[in-house]
Amino acid sequence: MMNEEMYIKSRMGQENPFRVPDGYFDSFAAEMMKKLPELPEQSEQPKTGLLVRLRPWMYAAACMVVAIFTATLYFVNDTPSQDVPAAVAATNDTYVEDVADYMMADNLDIYACLASEY
């Protein structure tokens, strides 16, 4: 790689063969501006519709509706009712019996577990 670069430099020299005409960049900006198309001037800002102006207020209202709905769901049914239907009580007893059978625990083991202090 170095040999190739040295060969090119020895044959061509250090001079850059590409040149810019004299005074080219002096009028470059003016010439470029002449070539660009003219844009119409905007004297007035476009009018915004009512919906566009009220959009932030609608976002805030939607957030408040969601917050109120969530709070209502959270606070309305936070206390369980005292009346437990018989079907639910039977289901819970059946579940406890199934768990005790799975653990192979008899009444003494359950009493010992409930009586011990953790």
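Caption draft 1: Focus on the overall build of the chain. Within the chain, the regular secondary structure consists of 5 helices and 0 strands. In sequence order, the secondary structure elements of the chain are arranged as α-α-α-α-α. When the accessible surface of the chain is split by element, carbon and sulfur atoms take 63% of a total near 12,500 Å².

Caption draft 2: Expanded view of the packing of aromatic side chains. Per the stated rule, a full pass over the model turns up 4 aromatic pairs. With a centroid separation of 5.1 Å and an interplanar angle of 80 degrees, the aromatic rings of Y24 and F25 are classed as edge-to-face. Classification of F25 by relative accessible area gives exposed; the value is 59%. Taking the centre distance of 5.8 Å and the plane angle of 45 degrees together, the rings of Y24 and F28 count as tilted.

Caption draft 3: Quick look at the confidence of the model for the chain. Per-residue pLDDT for the chain has a mean of 80; in total, 83% of the residues score no lower than 70. Mean pLDDT across the elements of the chain bottoms out in helix α4 (residues 86-103) (67) and peaks in helix α3 (residues 50-76) (93).

Cut-offs and rules
- Counting restarts for each chain: residues are numbered from 1 in the order of the written sequence.
- Local features in this predicted model are restricted to residues whose pLDDT is 70 or higher, and side-chain atom pairs enter the listing and the counts only when it is 80 or higher, whereas totals over whole chains, interfaces and linings include all residues.
- By convention in this description, side-chain values take in all heavy atoms of the structure and omit both hydrogens and water.
- Segments assigned H or I by DSSP are reported as helices when at least four residues long, segments assigned E as strands when at least two residues long, and all are numbered from the N terminus.
- Method for areas: the Shrake-Rupley scheme with a 1.4 Å probe, in which residue coverage is limited to the protein chains shown.
- The criterion for an aromatic pair is that two Phe, Tyr or Trp rings (for Trp, the six-membered ring) have centres within 6.5 Å, with stacked assigned to planes under 30 degrees apart, edge-to-face to planes over 60 apart and tilted to the rest.
- Summary of the burial criterion: residues with accessible area below 20% of their type's maximum are buried, those above 50% are exposed, and those between are partly exposed, where the area comes from a 1.4 Å probe applied to protein chains only.
- pLDDT expresses, on a scale from 0 to 100, how confident the predictor is about each individual residue.

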